[in-house]
Amino acid sequence: MSGKTILITGGAGFIGSHLCERLLETTPHDIICLDNLFTGSKNNIRHLIGDNRFEFIRQDITLPVYLEVDEIYNLACPASPKWYQKDPVFTLKASTTGMVNMLGLAKRRKAKILQASTSEVYGDPLVHPQTEGYYGNVNQLGPRACYDEGKRCAETLCMSYHMEHNVNIRIARIFNTYGSKMANSDGRVVSNFILQALQGQPITIQGDGLQTRSFCYIEDTVSALIKLMDSGFSSPVNIGNPHEITIKELARLVIELTGSQSPIEYSPQIEDDPIKRKPDITLAKSAFAWQPYVSLEEGLLKTIAYFKEVLYESE
C-alpha cells in the first residue's frame, strides 16, 4: 500500500519527534522532518534517520519551502517561555511569516495542514474551563505576547486561507503536554520539578503555587493530532487533559513519586502567568472521538524514568 508524504515542521522537537515516530510506526507514509534545531534536537530523531521513509531537512520555516507533500503538521515555533522570550521577534516570525509559508505550500499542493496552536491563545482566562468559543484575555504588550499573539495571528491566517483559498485546515489548541524527550533546559514546570527532585535540589514554585494547570501525556496528545488531521473538522479544537491540579499539588506529587527529600521554595509570580488553565474537550470527543487515557501519575512515572536515564547518561 503506497502512502502519503507528510511534512512535520518542528519535527525534531518534543511533540514533533513523537509524531514522526508514531506515523512511521503505524502508517505506510513517508515523513519529512523539517527543523532549524533552535529548540529541537537531532538526538530526538537520530534513530529514525536510517529509515528509508524518513528524511530530515535542517531549515527555518520563515524561509520559502518547496516540497511535494500531501499533509503538513506545522509544529515549528519555540513553545516554552524561556525560549520564546529569548528571541521574541524570531518567535513572532515563526508564527506569521512561517505560517504564511506553510499555508502557501498547502495551497499549492492542495494539502491538508494542521496548525499546532496553543492554550495560550486564551491568555489569563476569565472563563473556566476554557471552551473553543472563548476569545481570550491576552496582554498584547506583555513578555508572553510574542507567543500568545503570534499563535492567535496564525489561527487567523489559517482561517483566512481556508475561507479565501479553500485550504483544508486543522487547528489544534494544545494544552500543557509532558513526557519523554522534553528538553531538560526548557524551563517547563514538569521537567523542572522532576530534575530538581531527582537531584535533591529545592523545588522552585513561582508565585503561591495555587495557580492551576492541566497536563496531558505526550502519547495522548499525539493521538489527538493524528485523529484531528484525519477528521473533516476545520474549526479550532482543544487538545488537553481536563484533570486540573495546582502547581503546589504537582510539586508534592513529583516529590512523592521520585522519593525525593527536596524542599519546596517560592519565588515571585511572573508577569501574565495564567491563574487557571483547564480545557473543555467536549468538542474533541464529539468531533473525532478523542479523549486522554493516561493518568497524571502514570505519565509522571514514565517521565521520571526518562529523566533518570538522561541524568545517568550525563554522569
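The preceding data block contains the structure.
The text that follows walks through the structure, step by step, so that each part is easy to find. Since this is a predicted model, take the numbers as computed values, not measurements.

## A short note on the overall build of the protein
What the protein contains, in helices and strands, is 10 helices and 13 strands. For the protein, whose C-alpha radius of gyration is 19 Å, the value lies close to the compact-globule estimate of 20 Å for 315 residues. Projecting the C-alpha coordinates of the protein onto the three principal axes gives extents of approximately 55 × 45 × 35 Å. The buried share of the protein, reckoned over its 315 residues, is 54%. Considering only contacts in the protein between residues 6 or more positions apart, those separated by 24 or more positions represent 82%. Accessible surface for the protein amounts to roughly 13800 Å². Of this, 50% is attributable to carbon and sulfur atoms. In the protein, which carries 31 positive and 36 negative side-chain charges, the distance between the mean positions of the two groups comes to 4 Å.

## Describing helix H5 (residues 145-165)
Between its terminal C-alpha atoms H5 stretches 29 Å, which fits the 30 Å expected from 21 residues at 1.5 Å a residue. When H5 is considered as a whole, its buried residues turn out to be Ala145, Cys146, Tyr147, Asp148, Gly150, Lys151, Ala154, Glu155, Leu157, Cys158 and Tyr161. For H5, the elements touching its buried residues are helix H2 (81-84), helix H3 (88-95), helix H4 (97-109), strand S5 (112-118), strand S6 (169-174) and strand S11 (236-239). Directly after H5, the chain includes asparagine 166, whose backbone phi takes a positive value near 60 degrees.

## Things to note about the pairing of S5
Taken across its 7 residues, S5 has 7 buried, putting it largely inside the fold. Going residue by residue along S5, you find Lys112, Leu114, Ala116 and Thr118 tucked away on one face and Ile113, Gln115 and Ser117 tucked away on the opposite face as well. Taken together, the 6 bridges between S5 and S6 define a ladder with parallel strand orientation. Bridge pairing in S6 links threonine 118 to isoleucine 174. Taking the sense of rotation as the criterion, the β-α-β connection linking S5, H5 and S6 turns out right-handed.

## Some words on the side chain of arginine 170
Along the polypeptide, arginine 170 turns up in strand S6. For arginine 170, which is buried and forms no salt bridge, the nearest opposite charge comes from aspartate 230, at a distance of 7.3 Å. One polar contact links the side chain of arginine 170 to the main-chain carbonyl oxygen of serine 231, over a distance of 2.4 Å. Each residue touching arginine 170, except ones within four places of it in the same chain, is listed here: Lys112, Ile113, Leu114, Gln115, Leu228, Met229, Ser231, Gly232 and Phe233.

## Side note on the packing of H3 against H4
Close contact between H3 and H4 brings their axes to 3 Å; oriented N to C, the two are set at 20 degrees. As the angle between them shows, H3 and H4 are arranged roughly parallel. Judged by residue contacts, Lys93, Ala94 and Ser95 of H3 engage Thr97, Gly98 and Met99 from H4. Its residues assigned to classes, the contact of H3 with H4 shows 2 nonpolar, 3 polar and 1 charged.

## Comments concerning the sheet that holds strand S2 (residues 30-34)
Strand order in the open sheet formed by 7 strands is S3-S2-S1-S4-S5-S6-S11, with parallel pairing between adjacent strands. Two strands lie at the open edges of the sheet, namely strand S3 (54-57) and S11, each paired on one side alone. Between one strand and the next, the sheet's axes are offset by a mean angle of 20 degrees, whatever the strand orientation. Note that strand S4 (residues 71-74) and S5 share 4 bridges and pair parallel. Bridge assignment links tyrosine 73 to a residue of S5, and that residue is leucine 114.

## Considering the nonpolar core
Formed by 60 residues in total, the largest nonpolar core has its most connected members in Tyr73 and Leu300. With 23 residues, the next largest nonpolar core counts Leu34, Ile72, Ala154 and Ile171 among its residues.

## Looking at the pairing of S6
Counting buried positions along S6 gives 6 out of 6 residues, so the element sits mostly inside the fold. Both faces of S6 are covered, namely the face carrying Ile169, Ile171 and Arg173 and the face carrying Arg170, Ala172 and Ile174. Sheet topology places S6 next to S11; 4 bridges connect them, and they run parallel. When the bridges of S11 are listed, isoleucine 171 appears paired with proline 236.

## Examining the packing of aromatic side chains
Note on aromatic pairs: each is described by the distance of the centres and the angle between the planes. Enumeration over the complete set of coordinates arrives at 8 aromatic pairs. Between phenylalanine 38 and phenylalanine 90, the aromatic rings sit 4.9 Å apart at their centres with planes inclined by 55 degrees, giving tilted as the arrangement. You can see phenylalanine 38 sitting in the loop between S2 and S3 and its partner phenylalanine 90 sitting in helix H3, a full 52 residues away along the chain. Here a set of aromatic residues connected by ring pairs shows up, and it is made of Phe38, Trp83 and Phe90.

About the thresholds
- Going along each chain's sequence as written, the residues are numbered from 1 onward.
- In keeping with the model being predicted, local features are shown solely for residues with a pLDDT of at least 70 and side-chain atom pairs are shown and tallied solely at 80 or more, while totals for entire chains, interfaces and linings include all residues.
- Side-chain measures here rest on the full set of heavy atoms in the structure, leaving out hydrogens and waters.
- Going along the chain from the N terminus, every DSSP run of H or I of four or more residues is numbered as a helix, and every run of E of two or more is numbered as a strand.
- Our radius of gyration looks at C-alpha atoms and nothing else; its globule reference is 2.2 Å times the residue count to the power 0.38.
- Think of it in three bands: residues with accessible area under 20% of the maximum for their type are buried, residues over 50% are exposed, and the middle band is partly exposed, with areas taken using a 1.4 Å probe on protein chains only.
- Contacts between residues were defined by any pair of non-hydrogen atoms, one from each residue, lying within 4.5 Å.
- Residue-level accessible areas treat just the shown protein chains as cover; the underlying method is Shrake-Rupley with a 1.4 Å probe.
- For the purpose of counting charges, residues Lys and Arg are taken to be positive, whereas Asp and Glu are taken to be negative. His and the chain ends are not included.
- One atom stands in for each charge, and that atom is NZ of Lys, CZ of Arg, CG of Asp or CD of Glu.
- To estimate the expected span of a helix, count its residues, drop one, and scale the result by 1.5 Å.
- Criterion used throughout: strands pair if DSSP finds at least two bridges between them.
- If you view a crossover with the strands going away from you and the path from the first strand over the helix to the second runs clockwise, you call it right-handed.
- Salt bridges, as used here, are contacts in which a Lys or Arg side-chain nitrogen is within 4 Å of a carboxyl oxygen on Asp or Glu.
- Polar contacts, as counted here, are pairs of nitrogen or oxygen atoms within 3.5 Å of one another; within protein the pair requires one atom able to donate a hydrogen and one able to accept it, and residues that are adjacent in sequence qualify only if both atoms are side-chain atoms.
- Whenever a helix is involved, its axis is fitted only over the stretch in contact; in every case the axis is a line through C-alpha atoms, and angles between N-to-C directions fall within 0 to 180 degrees.
- Small angles under 35 degrees read as roughly parallel and large ones over 145 as roughly antiparallel, with 65 to 115 read as roughly perpendicular and the rest as oblique.
- Here the term charged refers only to Asp, Glu, Lys and Arg, the term nonpolar to Ala, Val, Leu, Ile, Met, Phe, Trp, Tyr, Cys and Pro, and the term polar to all other amino acids, Gly among them.
- Nine residue types can take part in a nonpolar core, namely buried Ala, Val, Leu, Ile, Met, Phe, Trp, Tyr and Cys, and a core is a set of them joined through side-chain atoms within 4.5 Å.
- Here is the rule: rings of Phe, Tyr and Trp (six-membered ring for Trp) pair when centre to centre is within 6.5 Å. Planes less than 30 degrees apart are stacked, more than 60 are edge-to-face, and the remainder are tilted.

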